[in-house]
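Chain by chain, the residues run as shown.
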Amino acid sequence: IGMKNYVTCVAFNEDMTRTILLIKNDKYAFLAGKLMPPGGSIEDGETPSQAAAREMLEESGVPSKPEQWYHIGTLHVNVDGVDKSNCFYMKAVLSNEDFAKARTMEQEVVLQADVSTLSMATIDADILSMIVIAHSRGCVLSTPSITRYITSEQT
């Protein structure tokens, strides 16, 4: 199995006070119950921007166009010294009208969260870091990367 590529969709309303998050009901225990932005796998032939627009619509019901999304950073996951995946963090500022369409589409509850209330108590630290970077209006010129090294349990 080759490298997996994913997108995480960090969307804000027009005045940048709210973001769309899901309450994860996940196959990975460490994500269950955590808040996360919409996102998922990048399909063959898709750009990260196209994947972001598709995932946002599928998971939250919020329409957007690929050209509204831009790359703000990448989370690289390395397990036992092997690069396993890249998650491209994509940012969009959506119209208040489109943002208001956020609703639960799948099993995971969708909510509009006040950016000022987000904390590491409810969100993974790396994900929170990318949301904070995305919230910074000057982040367009830099694309920070985070590498998460994971070591499996040795028995």
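Residues numbered from 1 in each chain as written. Predicted model: local features only at pLDDT ≥ 70, side-chain atom pairs only at ≥ 80, totals over all residues. Heavy atoms only, no water.

Visitor: How would you summarise the overall build of the protein if you had to cite specific residues and measurements?
Guide: Looking only at helices and strands, one finds three helices and eight strands in the protein. When the helices and strands of the protein are listed from N to C terminus, the series reads β-β-β-β-α-β-β-α-β-α-β. A total of 155 residues make up the protein; the buried ones form 43% of that total. Contacts in the protein between residues far apart in sequence, at least 24 positions, make up 67% of those at least 6 positions apart. Entry remark: accessible area of the protein is about 8400 Å², with carbon and sulfur atoms responsible for 53%. (Helix = DSSP H or I, 4+ residues; strand = E, 2+ residues; numbered from the N terminus. Buried < 20%, exposed > 50% of the residue type's maximum accessible area, 1.4 Å probe, protein only. Contact = heavy atoms within 4.5 Å. Areas by Shrake-Rupley, 256 points an atom, 1.4 Å probe, with all protein chains shown as cover.)

Visitor: Talk me through the pairing of strand E1 (residues 4-12); I want residue IDs and the actual numbers.
Guide: Sheet topology places E1 next to strand E6 (residues 82-93); nine bridges connect them, and they run parallel. Pairing of asparagine 5 across the sheet is with asparagine 86, part of E6. Both E1 and strand E4 (residues 39-41) contribute to a ladder of three bridges, which runs antiparallel. Paired with threonine 8 across the two strands is glycine 39, which belongs to E4. (Pairing = 2+ DSSP bridges.)

Visitor: Give me the lowdown on unusual backbone geometry, citing residues and values where you can.
Guide: The backbone of methionine 16 shows a phi angle near 60°, a positive value even though the residue is not glycine. With respect to the secondary-structure elements, methionine 16 resides in the loop between E1 and strand E2 (18-23). Classification of methionine 16 by relative accessible area gives buried; the value is 5%.

Visitor: Mind laying out the nonpolar core, listing which residues take part and the relevant values?
Guide: Of all hydrophobic cores here, the largest spans 20 residues; its most connected members are Phe12, Leu21, Tyr89, Leu118, Ile123 and Ile131. Among the elements of the structure, E1, strand E3 (35-36), strand E5 (70-79), E6 and helix H3 (125-135) are those that each provide at least two residues to this core. With five residues, H3 is the single largest residue contributor to this core. When residues no more than four places from it in sequence are discounted, the contact partners of leucine 118 are Thr19, Leu21, Ala113, Ile123, Leu128 and Ile131. (Core = buried A, V, L, I, M, F, W, Y, C linked by side-chain atoms within 4.5 Å.)

Visitor: Pulling in residues and values, what's your account of the side chain of arginine 54?
Guide: Within the fold, arginine 54 resides in helix H1 (residues 48-60). Here serine 41 takes part through its backbone oxygen, which lies 2.8 Å from a polar atom of the side chain of arginine 54. Once residues within four sequence positions are removed from consideration, arginine 54 is found in contact with Ser41, Ile42, Glu43 and Glu46. (Polar contact = N/O pair within 3.5 Å; in protein donor to acceptor, adjacent residues only side chain to side chain.)

Visitor: Talk me through the side chain of serine 85; I want residue IDs and the actual numbers.
Guide: When you line up the elements, serine 85 lands in strand E6. On the basis of relative accessibility, which here comes to 12%, the residue serine 85 falls in the buried class. Contacts of serine 85, omitting those with residues within four sequence positions, involve Met3, Lys4, Tyr6, Leu75, His76 and Val77.

Visitor: Describe the environment of valine 82, and please don't skip the residues or the numbers.
Guide: Its location among the elements puts valine 82 in strand E6. Residue classification places valine 82 among the partly exposed residues on the basis of a relative accessible area of 43%. Considered as a pair, valine 82 and methionine 3 are 79 residues apart in the sequence and their alpha carbons are 9.6 Å apart.

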